[in-house]
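Residues per chain are reported as follows:
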Amino acid sequence: MLDFLLQATALPDLHPALVHFPIALATVALLFEAAALLWRERAGQAALALWWLAGLGAGAAYWAGRSAADGLGLVTPEVERAVGAHADSAWWTLLALGAVVVLRSAAAATLTGRSVALTGCVLGLLVQPLIVRTADLGGALVYRHAVGVSARAQPPFGGVSGDPDAAEPSPPLRADLTRDETGGLRWIPRPGDETVWGRVLEKDGATLVADVLPEGPGLRFSVAGQGALRLPVFGADLRIVAVVDTTGFRGRVGPGLLAERGDRGLLLLSDAGGEVQFVRIQGGEETVIDTASGGSTGQPLRLTLSVSGSHLRGHLGDPLAV
């Protein structure tokens, strides 16, 4: 049914078609509440029906928005942060509209006279700022970041959106740590970095040793058991990209984030066949958050772990995996 609807329209997903309903319905519901309070009490019955429709519309728009966000693929960190902010605001707006529906229904059942409409007016005025903020963040995705406008409008990973005549990236922070076009930090391993940057961790006698490839940028790992090469981490919102050749490898490999004490963290792990696991570490115990499959056996894997606020995303290549 969903595929049929998308084929019948030029829209890339249903979110743009659904998102205007809760905005308009909540606004009209507030106007009917004001009419019931100042003029005709019977307008309050229509207001209650409109609140219910606004709540249902918000649920549908949120569901469609989640689906649309998952289908974006790998976007720039700036766009990912904007999508996360819009999603967070939409979630709180959905909860707020749900509360309005419940409280307004309770008022209709327990109160009498214009006090019912007064309750609706107060609730409607409280929820309007959330609706406006969510709509503004959604509009910024389209008109500032060109999300969903066209494939050409969205820069590939590593590209930059906005004014093509913008200022050049900041100068390198140090010889082996530079900023790319998006403002992110990039490290390319070079001879000597295996001792300057890396630290071998041991667990139950297992070891991991890394050295720099003599033929070009990259690291080669000799692994026995379980281990990790630690690199510095900057900031709270992060994207870590690892391209790994798993030829002859048996096990799981991928980028991750670990706390200083090492008792909690997040890992994006894949085996040579492209089976992906999103793993949470807490107190030394691993919990699988999500799983996905894909990739080609024997082909290099491009794994991307993104953390933006409360949003965690794992990509295998360009498509969203977990």
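Quick look at the structure, then. Values in this document were obtained by computation on a predicted structure and should not be read as measured data.

### Some points on unusual backbone geometry
At alanine 146, a position not held by glycine, the phi torsion is positive, near 60 degrees. For alanine 146, the location among the structural elements is in the loop between α6 (114-143) and β1 (178-179). The class for alanine 146 is buried, based on a relative accessible area of 17%.

### Some remarks on the sheet that holds strand β7 (residues 264-270)
If you walk across this open sheet you meet the four strands as β6-β7-β8-β9, and the pairing is antiparallel. Sheet topology places β6 (256-258) and β9 (285-292) at the edges, where each strand pairs with a single neighbour. Sheet twist, expressed as the mean angle between neighbouring strand axes with direction ignored, is 20 degrees. When β7 meets strand β8 (residues 276-282), the two strands line up antiparallel, connected through seven bridges. Paired with arginine 264 across the strands is glutamine 282, a residue of β8.

### Digging into the nonpolar core
Grouped together as the largest cluster of nonpolar side chains are 17 residues, with contacts concentrated most on Ala26, Trp51, Leu97, Val100, Val127 and Ile131. Secondary structure elements with two or more residues in this core: α3 (20-38), α4 (43-70), α5 (77-110) and α6. In terms of residues, this core owes the most to one element, α5, which gives six residues. When sequence neighbours within four positions are dropped, the list of residues in contact with valine 127 reads Trp51, Ala96, Leu97 and Val100. Val244, Leu257, Ala292 and Leu316 belong to the second-largest nonpolar core, a separate cluster that totals 15 residues.

### Focus: the pattern of salt bridges
Here the idea is simple: oppositely charged side chains can pair when their charged atoms come close. In this structure the tally under the stated criterion is four salt bridges. Residue arginine 239 pairs with glutamate 80 through a salt bridge whose shortest N-O separation is 2.8 Å. Of this pair, arginine 239 sits in strand β5 (residues 238-244) while glutamate 80 sits in helix α5, and the two are 159 residues apart along the sequence. Glutamate 80 shares its class with arginine 239; the two are buried.

### A short note on the sheet that holds β5
As summarised here, the arrangement of the three strands in space is β5-β10-β11, forming an open sheet in which the pairing is antiparallel. Either end of the sheet is taken by a strand with one partner, and the two such strands are β5 and β11 (311-316). Strand-to-strand, the axes of this sheet are offset by a mean angle of 10 degrees, without reference to chain direction. Direction of pairing for β5 relative to strand β10 (residues 301-308): antiparallel, over a ladder of seven bridges. Across the sheet, residue leucine 238 finds its bridge partner in β10, namely valine 307.

### Regarding the packing of α3 against α4
In the contact formed by α3 and α4, the axes pass within 8 Å of each other and the chain directions differ by 165 degrees. Classified by the angle between their axes, α3 and α4 sit roughly antiparallel to one another. Read as a crossing pair, α3 and α4 show a hand that is left-handed. On the side of α3, the interface is formed by Pro22, Leu25, Ala26, Val28, Ala29, Leu30, Phe32, Glu33, Ala35 and Ala36, while α4 contributes Ala43, Gly44, Ala46, Ala47, Leu50, Trp51, Leu53, Ala54, Gly57, Ala58 and Ala61. Looking at the contact of α3 with α4 residue by residue, the classes come out as 18 nonpolar, two polar and one charged.

Basis of the calculations
- Residues numbered from 1 in each chain as written.
- Predicted model: local features only at pLDDT ≥ 70, side-chain atom pairs only at ≥ 80, totals over all residues.
- Heavy atoms only, no water.
- Helix = DSSP H or I, 4+ residues; strand = E, 2+ residues; numbered from the N terminus.
- Buried < 20%, exposed > 50% of the residue type's maximum accessible area, 1.4 Å probe, protein only.
- Pairing = 2+ DSSP bridges.
- Axes fitted to C-alpha atoms, helices over the stretch in contact; angles between N-to-C directions.
- Core = buried A, V, L, I, M, F, W, Y, C linked by side-chain atoms within 4.5 Å.
- Contact = heavy atoms within 4.5 Å.
- Salt bridge = Lys/Arg side-chain N within 4 Å of Asp/Glu carboxyl O.
- Parallel < 35°, antiparallel > 145°, perpendicular 65-115°, else oblique.
- Left-handed = near helix turned anticlockwise from the far one by under 90°.
- Nonpolar A, V, L, I, M, F, W, Y, C, P; charged D, E, K, R; others polar.

Nothing here speaks to function; it is geometry throughout.
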